[in-house]
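# Structural features, examined
Chain by chain, the residues:
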Amino acid sequence: MKKETKKLSEILFETAQPEWDKAVAENFVVEMAQGTLDPARFRKYMIQDYIYLVEYIEILELIREQAGKHSGEAYIETLSETDLEKFLDRVISETNSELNRVHIPKMKELGISESEISQVSKIKVISDYIDYMKTLVKNEGLLIGLVALLQCSWGYAYIAQSAENTYRDTIRISAYKSWFDAYSCDDYVKANQDWVDMVDSLAQVEGSARSVEVFKQCADFETKLWGEL
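The structure contained in this document is the topic of the report that follows. (Residues numbered from 1 in each chain as written. Predicted model: local features only at pLDDT ≥ 70, side-chain atom pairs only at ≥ 80, totals over all residues. Heavy atoms only, no water.)

## A closer look at the overall build of the protein
A count of helical and extended segments in the protein gives eleven helices and zero strands. Counting helices and strands in the order they occur from the N terminus, the protein gives α-α-α-α-α-α-α-α-α-α-α. Counting only residues that meet the buried cut, the protein has 49% of its 229 residues in that class. For the protein, long-range pairs separated by at least 24 residues make up 85% of all intrachain contacts whose partners lie at least 6 apart in sequence. Just so you have it, the protein exposes about 11400 Å², and 49% of that area is on carbon and sulfur atoms. (Helix = DSSP H or I, 4+ residues; strand = E, 2+ residues; numbered from the N terminus. Buried < 20%, exposed > 50% of the residue type's maximum accessible area, 1.4 Å probe, protein only. Contact = heavy atoms within 4.5 Å. Areas by Shrake-Rupley, 256 points an atom, 1.4 Å probe, with all protein chains shown as cover.)

## Focus: the packing of helix α2 (residues 27-34) against helix α3 (residues 39-66)
Interhelical geometry of α2 versus α3 gives an angle of 115° and a closest axis separation of 11 Å. Crossing of α2 over α3 shows left-handed handedness. On α3, the residues touching F28, E31 and M32 of α2 are R41, F42 and Y45. Residue composition of the contact of α2 with α3, grouped by class: four nonpolar, no polar and two charged. (Axes fitted to C-alpha atoms, helices over the stretch in contact; angles between N-to-C directions. Left-handed = near helix turned anticlockwise from the far one by under 90°. Nonpolar A, V, L, I, M, F, W, Y, C, P; charged D, E, K, R; others polar.)

## Quick word on the environment of L62
Tracing the chain through its elements places L62 in helix α3. The spacing of L62 and K138 is 76 residues in sequence and 8.4 Å in space, taken between C-alpha atoms. Not counting residues up to four positions away in its chain, the partners in contact with L62 are V137 and K138.

## Observations concerning the packing of helix α1 (residues 8-25) against helix α11 (residues 209-228)
In the contact formed by α1 and α11, the axes pass within 9 Å of each other and the chain directions differ by 15°. Judged by the angle between their axes, α1 and α11 are roughly parallel. With respect to the hand of their crossing, α1 and α11 are arranged in right-handed fashion. The residues of α11 that touch α1, namely those facing L8, I11, L12, T15, A16, E19, W20, K22 and A23, are S211, V212, F215, K216, A219, D220, T223 and W226. Here the contact of α1 with α11 is composed, by residue class, of ten nonpolar, three polar and four charged. (Parallel < 35°, antiparallel > 145°, perpendicular 65-115°, else oblique.)

## Considerations on empty space enclosed by the protein
Using the criterion set out here, one finds one cavity of 30 Å³ or more in the structure. Roughly 60 Å³ of internal volume is contained in the largest cavity. Taken together, Y45, Q48, D49, Y52, I126, Y129, C152, Y156, E222, L225 and L229 make up the full set of residues lining the largest cavity. Listed by contribution, the elements that provide at least two residues to the lining of the largest cavity are α3, α6 (124-140), α7 (142-166) and α11. (1 Å grid on protein atoms, 1.4 Å probe; cavity = no way out; pocket = protein on both sides within 12 Å on 5 of 7 lines; lining within 4 Å. Points joined across faces, edges and corners; volume = space filled by probe spheres on them.)

## Considerations on the layout of surface pockets
Taking a probe equal in size to a water molecule and rolling it over the atoms shows the remaining empty space. When its volume is computed, the largest pocket comes out at roughly 350 Å³. Around the largest pocket, the lining comprises 22 residues; the ones closest to its centre are E94, T95, E98, Y188 and A191. Partitioning the lining of the largest pocket into residue classes produces ten nonpolar, five polar and seven charged. Along the wall of the second largest pocket there are 13 residues; nearest its centre are W154, V189, N192, Q193 and V196.

Next comes the structure, spelled out in structure tokens:
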């Protein structure tokens, strides 16, 4: 019997899950789930996450610009350039929606002004993380770029859902409930699955080693970030 070949997304998940589980156990996430997190720490996180997300969208737009220059990428025959560009347009739109639906209203609620944001510098782990992803997109092409950015989106969904499964009763009354709701809602999960499906469509598992390495490195950055907040 022929051995069934794993999808790239299955390998990526298996690679990142231990790091995502570490993130779920970080004090910052646990205290959000239990409703005991110092508001000042959450405020710091929201500013840093906003700065990160603005540049994350810029990286997505760079990938979108490169979508027509994909020679050498591992495409399946049924995927057209138009399909890819429509997908990228949708991801950019959804990420902008997340920024406007989750981050900006919450920052206004916390009294965070544009002036304050403009005076804050990225912490080192975020700066290193952003620089890493930008370099990947510029030097290693479309698939690697999508894999790198997917890790963040998929990781957030995993962390939110896992924390809800563990701390359901306290999250229900936590002041930070909206954070978990935002990243475990059906729309967010569906958007992530579309991204996972696109990565699987673009990839051949035999050539997945670099994708796995990149996904693991990005998961490492994320875990380090949660530990430094």
